[in-house]
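# Coordinate inspection notes
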Amino acid sequence: MSDTLKLPITALKLSVDLDGFDFSDLPPTPSGILGQARACSALAFGIAMPQSGYHIFVMGEPGMGRLTLINQQLDAFASALPTPASYAYTDNFDNPREPIAIELPADYGQQFRKDIEALLDALLHTFPAAFESPAYQQKKTASERQFNQLYHQAIDSVDKKARSMGIALFREDDNITFAPIRDNKTLNEKQFNQLPELERETFHRQVEELEDFLSEALLELPLWRRTVLEKIKQLDADTISQAIQPLFAELYDKYIAIDDAISYLSALEQELYGTISDYLMPARGLDSLSLAAKRARLLDQYAPNILIDHSQDSGAPVVYEAHPTYQNLFGRIEYSSDQGLWVTHYQRICKGSLHKANGGYLILDAEKLLDHPFVWDALKRALKSGYIDIESPYADLGISTMTLKPEVIPLNVKIILVGSGDIYYLLEELDNEFNEMFKVLADFDYDISITPASIRHFAALMKKQAVDSGAKPLTTAAIASLMEHSCRLAENQCRFSARINDTLELIGEANLFAKQAQGEMLDRTNIERALAAREYRNGGLSQRILDDMLDGIILIDTHGEAIGKINGLTVLTIGGGSFGAPARITTTVYPGSRGIVDIEREVELGEAIHSKGVMILTGYLGHFYAQQFPLAISASIAIEQSYSAIDGDSASLAELCCLISALTRTPINQGFAVTGSINQYGEVQAIGGVNEKIEGFFRLCQARGLTGQQAAIIPAANKRNLMLKQDVIDAVTQGLFAIYTVSTVDETLELLTGHLAGEADAEGNYPENSINFKAISRLKEISEMTDDEHKEEGDL
């Protein structure tokens, strides 16, 4: 039987033969990525679907070309869509805390700001010059002259009355005083004090009378002053209006069809009346500043903050946000320090990725998105409401750090989340709204069938990568080697790995060796050297484990026989790499009814799937050996010298064979190593990592010296997964190593022990001295011993 189970050399690896393929006519730029027809179809549907809720989740692992496919699909589709509107924020003159959002046609964003800047520049050239014109000065002088005439007339009437009383009236600035006249001369204070008391008292009464008359004469002075000020103010307004109306008229004509722009221009025009009066008239607020400082002040106060400008764009935007924090997605408001206070302004409103992608497509990494607090819930709120609201992420916690609340902007964006299957199913399970919003799943296949078309596409991608990276041209043999490497990544002789980036990166590494060898082309030998160098760089841990095995620190036998001991095959995954290593599995059996004890599970090192594999052993024993008596057994199974968590059921075949060896006292050949899972009916099932497992055991045997008696036993279902390294294949070719495939437990037992497993006859009996016969006999013996113990306990 062993010869029929031994694999031929041709089955150990797919050797790609490209002699029948002509790659001379390959396109320089291959269309699409390799395979992924289902994902392409789903992505095309989701991109084109306009209804809400049809956002897309692209599910796959890194290196599969997810972003490449998304960009290829979007480049073709988004460019044909209309370019979305540009947006700006302006000051809200009625409530500066709530800046106003202005929607503009796509190509009007920066143009609108330039027009406002030109308007403000024109104002600076117009004012205060407009108030210094002769026409303005004449009208202003006329208004002031009218006031002065009324004032002087009132004073003259008082002066006339005073002279009739013999009293002189004096004006000093705005002060009016009176003095007595004697002999046509005004008396000074000394002369006044020398007058008789009666004359002095008469003078005081007359002054009081004049003062009352003066008050009556100037009673309407505030009215005169107010009237003249109103005339001057109206003159100022008329002057401002005459100066700015032509400036605004041109803008009104230009933006007549844009409602938001017209509304802002109207509000700005009204606001500028006050600003010009307060700051741009002669000897007013900004008069002492330079022209540049005045311009900067006006621009900061009135120029629109162009948040999004699509004047240079064509079609719908496609944005990839590599760092989806809250501020990077929704925008932020910046602050500056002013005399120890944090202040802000509408000019400090900054856009986020949602603003950039509005009207188009936003690509996000799902894992990074979920890493940042508040972002996922805020994104869902924005998509459901249809608005982008720039607010503090801490608002829901009662923590407010904002002094502005900008007006919301309408949101129309298609979200494309890129993530692994774990994240997709986690969101689907924990978020009830997820399926309502992300109705399109673009599921990437993990491998691609090998067909003539996929071979040509693969070759085209490899050649394009060589050209794009500046590598030497690829030979046909190099392309074949890259295909073989891709099949090894896929663990399938009939399929390429969808992680195409791993293969593309290998070209760059191989090119280094091609340059060192001064070759004209990049050949198979360069690919193999790059793979060997990569394995050496990453092989520190596997080498240390191998050294421990060779030094006897880790106990693994590769020759001889032993009862209750077997070499299992394991895969260790560290970081982004993995390697295989054998592990000793031991079993002890003794009378009792405790059952099969999984030591790994008892000490909480065994994960659920491994524990399931061990529990299946009881079902196997009961089905094949305990049909005529109760199954009673006490056994312990351990994977020796394992100090970390163990998962997977790939050791269940080895554990069962080891258990039967201990049960029947039949020795197992230690030159064999076994991997495979089983079901309760003794059928051997496929496992993963078969190449690494075989190669891990082979390295140990090779280091100790190949004898031709060493071999690996794998499930027959894994035959198509073999893509072994050349040194393993060479050893098999020389008869120094062998690989067997098995479909049943019985086949495995016969290979391991060299004894007949035995087939049951019609009555369920096995041939005498067969392994299965010994197992039944031993189990029956233990069952009877257990029954006797129970009877003795009952008698007591």
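Here, every reference points to the structure presented above.
Note that the structure is a prediction, hence the values are computed from the model and not measured.

### A look at the overall build of the protein chain
Helix and strand counts for the protein chain stand at 28 helices and 30 strands. A compact globule built from 796 residues should have a C-alpha radius of gyration of about 28 Å, whereas the protein chain, at 47 Å, is more than 25% larger. By residue count, 46% of the 796 residues in the protein chain fall in the buried class. Here the analysis covers contacts within the protein chain between residues at least 6 apart in sequence; of these, 77% occur between residues at least 24 apart. Only carbon and sulfur atoms are counted for the fraction: they give 49% of the accessible area of the protein chain, which is about 39,900 Å². For the protein chain, the distance from the average site of its 68 positive side-chain charges to the average site of its 111 negative ones is 7 Å.

### Considerations on the side chain of Ser-650
Looking at the secondary structure, you find Ser-650 in the loop between strand E24 (634–639) and helix H24 (652–664). Within the structure, the side chain of Ser-650 is placed 3.0 Å from the side chain of Lys-693, a separation counted as a polar contact. Filtering out sequence-adjacent residues up to four positions away, Ser-650 remains in contact with Leu-569, Thr-675, Gly-676, Ser-677, Ile-687 and Lys-693.

### A word on the packing of helix H2 (residues 37–48) against helix H3 (residues 66–78)
Closest axis-to-axis distance for the H2/H3 pair is 10 Å, and the angle between their directions is 40 degrees. Considering the angle they form, H2 stands oblique to H3. For the pair H2 and H3, the crossing hand works out as right-handed. Between H2 and H3, the contacting residues are Ala-39, Cys-40, Leu-43, Ala-44, Ile-47 and Ala-48 on the first element and Leu-69, Ile-70, Gln-73, Leu-74 and Phe-77 on the second. Looking at the contact of H2 with H3 residue by residue, the classes come out as ten nonpolar, one polar and no charged.

### Brief notes about the sheet that holds strand E5 (residues 175–182)
Whether parallel or antiparallel, the strands of a sheet pair through hydrogen bonds between backbone atoms. Taken together, the three strands give an open sheet; going across it, the order is E4-E5-E6, and neighbouring strands pair in antiparallel fashion. Every other strand in the sheet has two partners, leaving strand E4 (167–172) and strand E6 (185–186) as the edge strands with one partner each. Along the sheet, helix H7 (residues 197–217) makes contact with E4 and E5, crossing E5 at roughly 145 degrees.

### Examining empty space enclosed by the protein
In this structure the tally under the stated criterion is three cavities of 30 Å³ or more. For the largest cavity, the calculated volume is near 50 Å³. Forming the boundary of the largest cavity are Ser-542, Ile-545, Leu-546, Met-549, Gly-580, Ala-581, Pro-582, Gly-696, Arg-699 and Leu-700. With four residues, helix H21 (residues 540–550) is the largest single contributor of residues to the lining of the largest cavity.

### Here's the deal with the environment of Asp-22
Here Asp-22 lies in the loop between helix H1 (2–5) and H2. A residue is classified by how much of its surface remains accessible, and Asp-22, at 47% relative accessible area, is partly exposed. Along the sequence, Asp-22 and Asp-156 sit 134 residues apart, while their C-alpha atoms lie 117 Å from each other.

Basis of the calculations
Residues numbered from 1 in each chain as written. Predicted model: local features only at pLDDT ≥ 70, side-chain atom pairs only at ≥ 80, totals over all residues. Heavy atoms only, no water. Helix = DSSP H or I, 4+ residues; strand = E, 2+ residues; numbered from the N terminus. Rg over C-alpha atoms; globule rule 2.2 N^0.38 Å. Buried < 20%, exposed > 50% of the residue type's maximum accessible area, 1.4 Å probe, protein only. Contact = heavy atoms within 4.5 Å. Areas by Shrake-Rupley, 256 points an atom, 1.4 Å probe, with all protein chains shown as cover. Lys, Arg positive; Asp, Glu negative; His and termini not counted. Charge placed at Lys NZ, Arg CZ, Asp CG, Glu CD. Polar contact = N/O pair within 3.5 Å; in protein donor to acceptor, adjacent residues only side chain to side chain. Axes fitted to C-alpha atoms, helices over the stretch in contact; angles between N-to-C directions. Parallel < 35°, antiparallel > 145°, perpendicular 65-115°, else oblique. Left-handed = near helix turned anticlockwise from the far one by under 90°. Nonpolar A, V, L, I, M, F, W, Y, C, P; charged D, E, K, R; others polar. Pairing = 2+ DSSP bridges. 1 Å grid on protein atoms, 1.4 Å probe; cavity = no way out; pocket = protein on both sides within 12 Å on 5 of 7 lines; lining within 4 Å. Points joined across faces, edges and corners; volume = space filled by probe spheres on them.

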